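Residue-level listing of the chains:
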Amino acid sequence: MLNLVKLCVGAASIEDLAAWQKNYPGFKTGTAAKLKVYHTTFQAPKRQTELLDGGSLYWVIKGFIQARQHLTGFEDGHKEDGSKCCLLLLDPKIVAVRPQPRKAFQGWRYLTAADAPPDLPAGAGDTLASMPPHLRKELAALGLI
């Protein structure tokens, strides 16, 4: 399985990313009945078939890969200035992952399944997923999670 990793510029947490996608019209396309969450990118990935075979977009937030969204498709689109771009269509569900440090880079990069951080377990009894984002990042930086 192949994934993408991309910087989430401007978001301070997974919660910020979720709020942006929920409230900002530039993250959605389609009718209300069939709304699509997307992210624009200048370059379209060449390995789309591999990415759509279970791949996700992993978000780097404040220097750590912290979340992912399942990739559901690709479409041609236009940015606000009218320039052409690729729409990375995403599942609206944002999944927290074990924080993994990542240096800044431009654009997106491919990420193999072997290098992708695991999902944090979900559920009422899970202390990692319910932990504040800054604490998860500090623990990850110390190598404790």
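Above this text you will find the structure in question.
Residues numbered from 1 in each chain as written. Predicted model: local features only at pLDDT ≥ 70, side-chain atom pairs only at ≥ 80, totals over all residues. Heavy atoms only, no water.

Draft legend 1. Here's a closer look at the overall build of the chain. Helix and strand counts for the chain come out as four helices and eight strands. Walking the chain from its N terminus toward its C terminus, one meets helices and strands in the order β-α-β-β-α-β-β-β-β-β-α-α. Per-residue burial for the chain yields a buried fraction of 41% across its 145 residues. Expressed as a percentage of contacts within the chain between residues at least 6 apart in sequence, the contacts between residues at least 24 apart total 64%. (Helix = DSSP H or I, 4+ residues; strand = E, 2+ residues; numbered from the N terminus. Buried < 20%, exposed > 50% of the residue type's maximum accessible area, 1.4 Å probe, protein only. Contact = heavy atoms within 4.5 Å.)

Draft legend 2. Representation of the packing of aromatic side chains within the structure. All told, the structure shown has one aromatic pair when counted by the stated rule. Each ring, one from Trp108 and one from Tyr110, has its centre 5.0 Å from the other, and the planes form 75°; the classification is edge-to-face. Trp108 gets classed as buried once you look at its relative accessible area, which sits at 14%. Against the face of Tyr110 rests Arg47, its NZ or CZ located 5.0 Å from the ring centre. (Phe/Tyr/Trp six-rings, centres within 6.5 Å; stacked < 30°, edge-to-face > 60°. Lys NZ or Arg CZ within 6 Å of the ring centre and 35° of its normal.)

Draft legend 3. Focus on the environment of Gly73. Along the chain, Gly73 turns up in strand S5 (residues 64–78). Between the C-alpha atom of Gly73 and that of Leu90, which follows or precedes it by 17 residues, the distance is 7.2 Å. Those residues in contact with Gly73, other than ones at most four positions away along the chain, are Leu52, Leu87, Leu88 and Leu89.

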